[in-house]
Each structure stands twice: as structure tokens, then as C-alpha cells.
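Reading the structure
If you want the building blocks of each chain, they are given just below.
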Amino acid sequence: MSGREMTLDKNIYLMGFMGSGKSRVGKILARKLGMRFIDTDEMVEEKAGKSISDIFTQDGEEAFRRLEHQCIVEASRSRYAVISLGGGAVTRPENWEVIRQGISLYLFASPETILERVRANDDRPLLSGLSDEGKLERIRSMLAYREKFYNMADIVIRNEKGDSPQRTAELAAEKVAMRASLKIVGVNLGQRSYPIYIGSGILSGFGDYYRRHGLGRKVAVVTDTTVSRLHLEPVEKSLNESGYNVTRVVIPDGEGQKSLKTCEEVCGVLIKAGLERSSSIVALGGGVVGDIAGFVAATFLRGVSYVQVPTSILAQADSSIGGKVAVNHPLGKNMIGAFYQPRFVFIDVDVLRTLPKHQITAGLAEVVKHALIRDEAFFRLLEEDIEAIIDLKAPTELLERVIERNCQIKAEVVSRDETEQGLRAILNYGHTIGHALEAVTNYCRYRHGEAVILGMIAAGRIACRKGMLGEDQLKQQNDLLQRIGRPKTPVDISTDSILKRMESDKKVRDGRVRFVLLEKIGKAVVTDEVEEPLVRAAIEEIKRG
């Protein structure tokens with residue numbers, strides 16, 4: 001299983017049409033995983049004392065479905081089992097209450113393959129008495145009805161004519177291992193709630209998760225030139241294998257692309273590709289790609305669905321979560337945008353190992369920020385392991401833990417304050433001065449995270465001088481920021497220009513600039529009671545280094 005270790009404490013529910021290979025593949029899969037194999041059709045026949053065909057003929061389909069449900073419930077009480085379901089079991093809501101407790105796997109086969117496998121078997125009550133042409137028509141009709149239920153499965157695997165049951169079972173084992181190791185964090189926003197999937201080595205399985213969310217068949221993958229070379233192929237291949245029509249949209253790298261002009265160009269590609277309101281957009285990349293793709297999704301055809309597949313630390317830990325999508329204006333960062341939530345976020349921490357050092361530094365700024373504003377224990381973990389994380393030599397489990405904790409913090413805050421009317425403003429720690437630094441340098445000198453590092457240092461100094469934050473904790477903050485990589489000081493930028501830019505910040509209320517300040521590590525507050533001399537002194541201090 002590709003070296004992936006798996007501790008599986010859930011049953012596997014194998015579903016598919018008659019003739020899809022559930023019994024053969026299921027038995028091999030159970031042996032590979034050291035699990036029991038249970039066939040619910042066999043359980044039904046044993047309990048009824050007669051064949052399924054006789055149950056249908058003598059008692060009717062409804063009696064069969066009631067007995068089938070009883071057997072599924074009984075089988076579910078087993079531990080470590082691969083449970084093969086009857087082809088129509090998935091159409092009953094009461095069965096899904098059981099199936100959702102485990103991992104569901106759909107074996108797909110085409111109608112022609114199914115007919116070839118069941119043609120000589122007369123013990124199929126739903127196909128009994130039909131010619132080959134009649135059977136094929138019935139199979140197609142039944143599959144068309146059941147497809148929406150089968151597609152609710154966690155995993156889909158094709159098992160066509162010529163496919164080896166052994167190889168199909170091996171592929172199933174790999175995908176089950178991937179699904180079993182997955183971490184899920186929820187963003188709770190009522191009808192707009194969505195999951196964040198976190199794992200390692202899961203990018204090649206993206207199509208399974210996309211399919212589960214019932215998104216349209218036409219999909220545009222928006223990415224940049226660097227990410228497209230590294231990660232586009234497995235995402236595109238996975239979507240194609242899941243039956244989706246993929247349009248590539250590759251934009252140049254860099255913060256300078258966050259403009260209405262770029263969005264207009266992306267929309268042009270989508271229009272030419274014939275995307276519709278039922279279509280979706282996948283944002284594959286860092287924060288810039290996520291902002292552009294999300295903003296286009298919020299506005300194209302008055303709104304289409306989109307999915308975040310973040311590939312940088314900054315995007316995985318912060319910007320892909322919460323639905324803030326925006327582009328820049330010459331007079332300010334992220335001044336044109338919307339709150340528009342994705343359908344889900346899909347995070348593969350393995351992609352972080354391809355990042356250059358400067359992107360790691362920029363991303364870790366947001367990681368440290370979350371610890372500073374919300375979780376002192378997490379801050380202490382970062383103090384202990386930050387060098388291993390920076391060098392990306394940390395065990396995969398630690399990287400997953402770091403990203404998961406960031407997602408939990410961001411999701412908790414967003415769930416309580418989606419549109420930044422109160423609590424969510426604390427996520428802007430370091431951003432008031434940081435955004436101003438980015439703007440006065442035309443987004444060319446500092447990466448976002450680098451500017452935020454300087455902004456947090458300045459905000460910490462303001463809090464300390466106001467008597468809110470102790471000198472010892474200010475030093476702890478600054479020491480950790482120094483370890484992840486404090487950027488060069490902006491000695492050639494006038495303090496007045498930075499102050500001027502802050503006046504157009506999105507966080508200004510009634511003409512007063514709001515700051516996020518620490519009361520202690522792990523607790524932040526929002527205030528507009530910060531005098532200009534304090535701000536000026538803090539900016540001068542970061543300029544001196």
C-alpha cells in the first residue's frame with residue numbers, strides 16, 4: 001500500500017450493481033487487509049431459508065428489502081469486516097445510516113461489462129425472462145436510477161472487462177488506506193458548511209472527493225505556472241478518471257496577478273470552454289490562485305461552485321479557509337472581493353515538501369499568528385519543532401498535526417463570525433501594518449507572510465507599550481518570528497507613507513484604524529484605541545531592525 005501505514009477501525013461497505021465483481025474483489029480485499037468478508041445477500045438467503053429469486057417471487061421486493069436491512073445492521077456490528085451489499089441496498093435511506101459509519105467503496109462497471117458477466121446466470125430476479133437486448137436495456141435503466149446513490153460512496157473504482165480482480169483489490173486497498181488516514185475539520189456555517197480534508201499523498205484521489213460533493217461535469221482547474229508543473233497532472237488525471245471534463249487555466253505566478261485584469265482573462269477562458277452555472281472551479285495553488293479562482297467563482301455567471309486545493313503553507317493554514325476572496329487595487333490590498341465559501345477544502349501536506357524556502361517562511365507567519373492569537377500550547381509546540389518544520393524534515397504526522405490545528409483554529413473563528421463583524425477580526429493580527437507595507441512597495445518587495453511578520457513585531461511593540469503584553473512574551477514572539485525568518489527591514493520607506501496606506505485599510509471603522517493586539521500569547525483583542533505616536537514609534541522600530 002505504497003508504504004502507508006493504516007490503522008483501520010471501520011468496516012468497509014462494498015457496493016455496486018450485480019456483476020460488478022463485489023464478491024471476488026471483496027474477498028481478495030478482505031484477505032489483504034486482514035479483515036472478515038461478509039456477503040449480505042448470503043445472509044438474507046440463510047435467514048429466509050430460500051434464494052433471493054424465490055424471496056422476490058413469493059414475498060415481493062419490499063419483503064426482501066426489509067430483510068436485507070436487518071442483515072446490513074447485523075453485519076455492521078462486526079469489527080474489521082468488508083461487507084458486500086446487494087446492488088439495490090444503496091437506494092434505501094435507512095441503509096445509508098449504517099453505511100456512513102464506515103468507509104463506502106463503489107465498484108463501477110459499464111452496462112456492457114455487467115451483461116457479459118450475468119448473461120448466463122438466470123438467478124437474477126430483476127433480469128429474469130429477458131433477452132440479451134432486454135437485459136442490457138434494464139441494466140442501463142437501473143444504473144441510471146442508482147448512479148446518484150452509488151456516487152455517494154467515499155471511493156469509486158472501475159472494474160471493467162479485462163481488469164484483474166487482484167489488481168482491483170490492490171487499488172481498493174490503497175484508496176481505503178488513504179481514506180482511513182484522512183483527517184476532517186468542519187467549517188460550520190449552516191447550509192454553507194463544508195469539510196476540510198487533510199492527509200498526505202492524497203492528491204491522486206481528489207476526483208473521488210470531488211464526485212462525492214455532487215459537482216457538475218464541467219470543471220476548470222485554475223493554477224499557476226509553477227504549481228501546474230508540479231501538481232496539475234495528478235489532479236487532472238483523477239478528475240478525468242472520475243468522468244469530469246477538465247479545462248486548464250494557467251496564470252503567471254505572483255501577487256501582481258491579483259487584479260481584475262487577470263480575473264477578466266480567466267473568465268474569458270471559462271466562457272470559451274462553455275462552462276455553465278452547474279460547472280465548478282478548482283483553485284489549485286497558493287493564496288494568490290485561491291483568491292483569483294474564488295473571486296471568479298463568486299462573480300462568473302453570478303456565482304458557481306468552487307473547491308480549494310491549497311499547495312502552500314499559507315494557503316493550507318489560512319487563506320483557503322473562510323471564504324474571503326479578493327483581488328488588489330493600486331490603492332490597497334484585497335480591496336475588491338467577497339465572502340464566498342468553497343464546497344470543500346482538500347489539503348495534501350506532502351505537496352509542501354516541494355516548496356522553496358522563502359514560501360515556507362511566508363507561510364509559517366500565518367501558522368505562528370494562529371498560535372499567538374488563539375492557542376498558547378500550539379505556540380509552545382512550534383517553539384520546540386520549528387526548525388524541523390522549516391526544513392520540512394518533520395515527520396508527516398507532525399506536518400499534518402500543524403496544518404490540522406491551524407485549520408481547527410481558523411474554522412472555529414469563521415464558524416462563529418463568517419463576515420468579520422467581531423471575533424474574526426483577530427485573524428488580522430499583524431495585517432494592519434503588514435498590508436500597508438505590501439501596498440507601499442507595490443506588492444513587489446514582501447511576500448504576504450513576510451509583511452505580516454513585520455506587522456506582528458510592530459503590533460507586539462504597541463501592545464507592550466500600552467501595558468497589555470509583557471516584555472517576556474513579546475520577546476518569545478519575536479524570537480520565534482526571527483527563527484522562521486524575519487525579512488529585511490524597510491529602511492527606505494517613509495513612515496508617513498505607511499501610515500497613509502493604513503487609512504484605507506479594510507479594518508478602518510468610522511475613520512479609526514483598528515488593531516489586533518495581544519493581551520498574552522494565546523489571547524488577542526481588537527481595539528481602535530491606539531494613538532498615532534505609538535504606531536509611528538512601532539514602525540520606526542521595525543525599520544531600525
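Since the structure is predicted, the reported quantities are computational estimates derived from the model, not experimental observations.

With respect to the pairing of strand E3 (residues 81-84)
The side-chain alternation of E3 yields two buried faces, one formed by Ala 81 and Ile 83 and the other by Val 82 and Ser 84. When strand E1 (residues 12-15) meets E3, the two strands line up parallel, connected through 3 bridges. Bridge pairing in E3 places Tyr 13 opposite Ile 83. Pairing between strand E2 (residues 36-39) and E3: 4 bridges, direction parallel. Residue pairing for E3: Phe 37 is matched across the bridge by Val 82.

A closer look at unusual backbone geometry
Positive phi values are uncommon outside glycine, yet Leu 392 reaches one of about 55 degrees. With respect to the helices and strands, Leu 392 occurs in the loop between helix H15 (376-390) and helix H16 (396-416). For Leu 392, a relative accessible area of 11% puts it in the buried group. For Glu 420, which is not glycine, the phi torsion reads 60 degrees and is therefore positive. Mapped onto the secondary structure, Glu 420 falls in the loop between H16 and helix H17 (431-440).

A look at the environment of Glu 42
Tracing the sequence through the fold places Glu 42 in helix H2 (residues 40-48). Taking the C-alpha atoms as reference points, Glu 42 and Pro 165, 123 residues apart in sequence, are found 20 Å from one another.

Comments concerning empty space enclosed by the protein
For the structure shown, the criterion picks out 4 cavities of 30 Å³ or more. Roughly 90 Å³ of internal volume is contained in the largest cavity. With 4 residues, H17 is the single largest residue contributor to the lining of the largest cavity. Among the residues making up the lining of the largest cavity, the classes are represented as 5 nonpolar, 4 polar and 4 charged. When residues are assigned to domains, the lining of the largest cavity turns out to be shared by domain 2 (184-355) and domain 3 (416-544), each giving three or more. A volume near 60 Å³ is recorded for the second largest cavity. For the lining of the second largest cavity, the secondary structure elements donating two or more residues are helix H14 (357-374) and H16. Here the lining of the second largest cavity takes 3 residues from H16, the largest share from any one element. Residue composition of the lining of the second largest cavity, grouped by class: 9 nonpolar, no polar and no charged.

Let's talk about the packing of aromatic side chains
Per the stated rule, a full pass over the model turns up 13 aromatic pairs. Aromatic side chains Tyr 197 and Phe 346 sit 6.4 Å apart centroid to centroid with 65 degrees between the ring planes, which places their arrangement in the edge-to-face category. Note that Tyr 197 is positioned in strand E7 (residues 194-199) and Phe 346 in strand E14 (residues 345-348), a separation of 149 residues in sequence. By the burial criterion, Tyr 197 is buried, and Phe 346 matches it. Centroid distance Phe 206 to Phe 346: 5.2 Å. Interplanar angle 70 degrees. Geometry classified as edge-to-face. Of this pair, Phe 206 sits in helix H9 (residues 206-212) while Phe 346 sits in strand E14; the two residues are 140 residues apart in sequence, bridging distant segments of the chain. Ring pairing ties together the aromatic residues Tyr 197, Phe 206, Tyr 209, Tyr 210, Tyr 244, Phe 344 and Phe 346, which thus form one cluster. Between the NZ or CZ atom of Arg 217 and the centre of the ring of Tyr 244, over which it lies, the distance is 4.6 Å.

Quick notes on the packing of H17 against helix H20 (residues 495-502)
Contact pair H17 / H20: the axes reach a minimum separation of 8 Å and the direction vectors enclose 110 degrees. Considering the angle they form, H17 stands roughly perpendicular to H20. The handedness of the crossing between H17 and H20 is right-handed. Of H20, the residues touching H17 (which contributes Thr 432, Ile 433, Ala 436, Leu 437, Ala 439 and Val 440) are Ser 497, Ile 498, Arg 501 and Met 502. Here the contact of H17 with H20 is composed, by residue class, of 7 nonpolar, 2 polar and 1 charged.

Let's talk about the domain arrangement of the protein
Taken domain by domain, the protein comprises domain 1 (12-180), domain 2 (184-355) and domain 3 (416-544). Spacing between the C-alpha centres of domain 1 and domain 2 amounts to 35 Å. Across the domain 1 to domain 2 interface the summed buried area is about 880 Å²; carbon plus sulfur atoms make up 42%. At the boundary of domain 1 with domain 2, the tally comes to 2 salt bridges. Of the charged contacts, one joins Asp 208 and Lys 175 as a salt bridge, the two residues approaching to 3.1 Å between their closest N and O atoms. The interface formed by domain 1 and domain 2 holds 5 residue pairs in polar contact (both at pLDDT 80 or more) in total. When residues of the side of domain 1 that touches domain 2 are traced back to their parent elements, those giving at least two are helix H7 (132-150), strand E5 (155-158) and helix H8 (165-180).

Considerations on the pattern of salt bridges
Between side chains of opposite charge, a pair can form as their charged atoms come close. In total, this model carries 45 salt bridges according to the counting rule given. Residues Lys 50 and Asp 59 are paired through a salt bridge, measuring 2.9 Å at the closest nitrogen-oxygen approach. Take Lys 50: its relative accessible area is 24%, and that puts it in the partly exposed class. The shortest N-O distance in the salt bridge between Glu 68 and Arg 65 comes to 3.1 Å. Of the two residues, Glu 68 and Arg 65 both sit in helix H4 (residues 61-76), 3 residues apart, roughly one turn of that helix. With respect to burial, Glu 68 and Arg 65 carry one shared label: buried. Counted as one network, the salt bridges with shared partners bring together Glu 255, Lys 258, Asp 291, Lys 333 and Glu 438.

Scoring rules and cut-offs
Residues numbered from 1 in each chain as written. Predicted model: local features only at pLDDT ≥ 70, side-chain atom pairs only at ≥ 80, totals over all residues. Heavy atoms only, no water. Buried < 20%, exposed > 50% of the residue type's maximum accessible area, 1.4 Å probe, protein only. Helix = DSSP H or I, 4+ residues; strand = E, 2+ residues; numbered from the N terminus. Pairing = 2+ DSSP bridges. 1 Å grid on protein atoms, 1.4 Å probe; cavity = no way out; pocket = protein on both sides within 12 Å on 5 of 7 lines; lining within 4 Å. Points joined across faces, edges and corners; volume = space filled by probe spheres on them. Nonpolar A, V, L, I, M, F, W, Y, C, P; charged D, E, K, R; others polar. Domains from an automatic or database assignment. Phe/Tyr/Trp six-rings, centres within 6.5 Å; stacked < 30°, edge-to-face > 60°. Lys NZ or Arg CZ within 6 Å of the ring centre and 35° of its normal. Axes fitted to C-alpha atoms, helices over the stretch in contact; angles between N-to-C directions. Parallel < 35°, antiparallel > 145°, perpendicular 65-115°, else oblique. Left-handed = near helix turned anticlockwise from the far one by under 90°. Contact = heavy atoms within 4.5 Å. Buried area = accessible area lost by both parts, 1.4 Å probe. Salt bridge = Lys/Arg side-chain N within 4 Å of Asp/Glu carboxyl O. Polar contact = N/O pair within 3.5 Å; in protein donor to acceptor, adjacent residues only side chain to side chain.

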